[in-house]
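Structural overview
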Amino acid sequence: MQPEPGANGTAVTEFVLLGLVETPELRPAVFVLFLLAYLVTVGGNLSILAAILVEPKLHTPMYFFLGNLSVLDIGCITVTVPSMLARLLSHKHTVPNAACLTQLFFFHQLVGVDCFLLTAMAYDRFLAICRPLTYSTHMGQTVQRILVAVSWACAFSNALTHTVAISTLHFCGPNVINHFYCDLPQLFQLSCSSTQLNELLLFGVGFIMAGTPMALIVTSYAHVAAAVLRIRSSEGRRKAFSTCGSHLTVVCLFYGTGIFNYMRLGSAKLSDKDKAVEIFNTVINPMLNPIIYSLRNPDVQGALRRVLLGRRSLA
């Protein structure tokens, strides 16, 4: 379904983001809630990053990737929430076309890196549990840096492709987006020109960007599960599974909300339920990640205590 062009056919130069609530009385409460969520997310992820940097025990590949994930979580929430808070304060809901495309680019860049980084973490767990004798060889510092660099390069290609593709669309009619940030599905609904190619591109590239990492994660953990089940000691099995539990939880939350979001691409109207899923994807997930990775992890908990209390590690 394509929106009807405007009466004079003029090109749209700005969009109107309705945000989360349209009732003025609710805006102060929403502002305070999301400001607190933003501060908790940034503070939590910076604490994890500081703990990894100052604690020698955490200078391992798994925590190197976790540190990068914390940087991504800060980036993801910073791309969407501060601009939403600014609009709540100023009561100005218009966003220039260029600013909308810029936000879209950085959001897809960071989410794309997230996809590949979660895959690198799964590969790390596969090597640590299934190939322990060659782990240090196959997961050296050079390999770690290459995996992170490739993740950023692939995500950059994906984000640039979608941004360039949507910049070719013609927007001449309705310019109201019932959302709190700019994203592809909502912009498709406003286009006066055909979005068929863009939608095919989204699903095709999305299959590569999300489907391939997901398949590699499932394959890695299938091998991990098989290796763990061969361990005779129940304590050994528990310890092996505990190192993977946090990562699996984050993977399920990340892919679950992401798949739900883009499966509703053809929906003509964004419902409150869709907005709730988007909030979970862009705000709650980055806020939960530090909690998930520090829960039942004595090394991270100890390092966090030392960071907060200003003590040095004895190691």
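Residues numbered from 1 in each chain as written. Predicted model: local features only at pLDDT ≥ 70, side-chain atom pairs only at ≥ 80, totals over all residues. Heavy atoms only, no water.

Turning to the UniProt feature "transmembrane region" (unreviewed entry) in the chain, a few remarks are in order. Here, UniProt's "transmembrane region" (unreviewed entry) annotation points to residues 29–54, 63–85, 105–126, 146–171, 200–229 and 241–263. Along residues 29–54 the backbone is 100% helical and 0% strand, and the end-to-end C-alpha distance reaches 37 Å. Helix makes up 100% of residues 200–229 and strand 0%, with an end-to-end C-alpha separation of 42 Å. (UniProt positions renumbered as here; feature names shortened; annotations may be inferred. Helix = DSSP H or I, 4+ residues; strand = E, 2+ residues; numbered from the N terminus.)

Below, the discussion takes up the state of the cysteines. Under the criterion given, the structure shown has two disulfides. Bridging Cys100 to Cys182, the disulfide has an S-S length of 1.9 Å. Between Cys100 and Cys182, the S-S torsion sits near -120 degrees, and that sign places the bridge as left-handed. Of this pair, Cys100 sits in helix H3 (residues 97–130) while Cys182 is found in the loop between strand E3 (176–177) and helix H6 (184–190), placing the two residues 82 residues apart along the sequence. Disulfide pairing places Cys172 opposite Cys192 at an S-S distance of 2.3 Å. In this structure, the disulfide formed by Cys172 and Cys192 twists by about -120 degrees around the S-S bond and is classed as left-handed. With Cys172 in the loop between helix H5 (141–167) and E3 and Cys192 in the loop between H6 and helix H7 (196–229), this residue pair connects regions lying 20 residues apart in the sequence. The pair formed by Cys172 and Cys192 is uniform in burial state, with each residue classed as buried. For the chain, the bonded cysteines connect in the pattern 1-3, 2-4 when numbered consecutively along the sequence. (Disulfide = S-S within 2.5 Å. Buried < 20%, exposed > 50% of the residue type's maximum accessible area, 1.4 Å probe, protein only.)

In this section: the packing of H3 against H7. Between two packed helices, the angle of one axis relative to the other and the distance separating the axes together describe the packing. Close contact between H3 and H7 brings their axes to 9 Å; oriented N to C, the two are set at 20 degrees. The angle between H3 and H7 places the two elements in the roughly parallel class. H7 is crossed by H3, and the crossing has left-handed handedness. Of the residues in H7, those in contact with Gly112, Cys115, Phe116, Leu118, Thr119, Ala122, Tyr123, Arg125, Phe126, Ile129 and Cys130 of H3 are Met209, Ala210, Pro213, Leu216, Ile217, Ser220, Tyr221, His223, Val224, Ala227 and Val228. When grouped by side-chain class, the residues that make up the contact of H3 with H7 number 17 nonpolar, four polar and one charged. (Axes fitted to C-alpha atoms, helices over the stretch in contact; angles between N-to-C directions. Parallel < 35°, antiparallel > 145°, perpendicular 65-115°, else oblique. Left-handed = near helix turned anticlockwise from the far one by under 90°. Contact = heavy atoms within 4.5 Å. Nonpolar A, V, L, I, M, F, W, Y, C, P; charged D, E, K, R; others polar.)

It is worth spelling out the packing of aromatic side chains at this point. Within this structure, the stated rule accounts for eight aromatic pairs. Measuring from ring centre to ring centre gives 6.4 Å for Tyr123 and Phe126, while their planes differ by 25 degrees; the resulting arrangement is stacked. Remark: Phe126 and Tyr123 occur in helix H3; sequence separation between them is three residues, near one turn of the helix. On the basis of relative accessible area, Tyr123 is assigned to the partly exposed category, the value being 33%. (Phe/Tyr/Trp six-rings, centres within 6.5 Å; stacked < 30°, edge-to-face > 60°.)

Tracing the backbone through its elements, the reader meets Cys154 in helix H5. Judged by its relative accessible area of 29%, Cys154 is partly exposed. Spatially, the C-alpha atoms of Cys154 and Cys252 are 22 Å apart, while their sequence positions differ by 98 residues. Not counting residues within four places of it along the chain, the set of residues in contact with Cys154 comprises Phe116 and Met209.

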